[in-house]
Amino acid sequence: MISHPSRHCTVELQALPSRIGQVRRIVSAQLRYWHMHSLIDRASLGVTELLTNVHLHARPDKTCTVEIELLLERLTVSVRDHDPRLPVVDDAEPLATCGRGLAMVAAMSESWGARPDGESGKVVWFTLPTCGGLAPVTARPPRRLVEEVPAAVFAEAEHAVDLGSPQPAPARSAVAG
């Protein structure tokens, strides 16, 4: 089930590898719709890490709900599952191939945390600031100032190059056809 109120999006799913990619695309599309292009990479990375944790660790099942919410100047991404055990940030060994997901979420987010959700579940969440994310991608670049050039410079260039006698340009219509 997917709901799309104006600044809120919820997706329910089984945290399986193929579904995690789909949710990442949904989050990216929703952020594009909200003109939050600058948050797409970090939100996609964070939701991928949280869903991977559900896939690897949640019991008794992999059912979960992803929620993204835009309030004031903050985007909150949360994942709710049915496993009451709260996650623990481990110090991964230098050559370990896993165990860094929550540390990455902590590093790339403004804040993050986990809380119990009733007696049989939890919510793991992170926030991203939206400062600067509201400008549309098509915004004009800042204007460049052009240095003034005195007319004498152009007169000198004209004498340096033999322009010959000026030839009138042929007349052309501005209308194609």
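See above for the structure.
Anyway, here's the lowdown on the structure attached to this text. This is a predicted model, so every value here is computed, not measured. (Residues numbered from 1 in each chain as written. Predicted model: local features only at pLDDT ≥ 70, side-chain atom pairs only at ≥ 80, totals over all residues. Heavy atoms only, no water.)

Glancing now at the pairing of strand β4 (residues 74-81). In this structure, strand β3 (residues 63-71) lies alongside β4, joined through eight bridges in antiparallel fashion. Across the sheet, residue I68 finds its bridge partner in β4, namely V77. In sequence, β3 turns back onto β4 through a hairpin of two residues, with L72 there showing a positive phi of about 50°. Taken together, the eight bridges between β4 and strand β6 (residues 122-129) define a ladder with antiparallel strand orientation. Within the sheet, the bridge partner assigned to V77 lies in β6 and is F126. (Pairing = 2+ DSSP bridges. Helix = DSSP H or I, 4+ residues; strand = E, 2+ residues; numbered from the N terminus.)

Looking now at the packing of helix α1 (residues 17-33) against helix α2 (residues 40-57). Here α1 crosses α2 at 155°, and the two axes come no closer than 9 Å. Our classification of the angle between α1 and α2 gives roughly antiparallel. Handedness of the crossing formed by α1 with α2: right-handed. Where α1 approaches α2, its residues P17, I20, V23, R24, V27, S28, L31 and R32 are matched on the opposing element by I40, A43, S44, V47, T48, L51, T52 and H55. Classifying every residue of the contact of α1 with α2 by side-chain character gives nine nonpolar, five polar and two charged. (Axes fitted to C-alpha atoms, helices over the stretch in contact; angles between N-to-C directions. Parallel < 35°, antiparallel > 145°, perpendicular 65-115°, else oblique. Left-handed = near helix turned anticlockwise from the far one by under 90°. Contact = heavy atoms within 4.5 Å. Nonpolar A, V, L, I, M, F, W, Y, C, P; charged D, E, K, R; others polar.)

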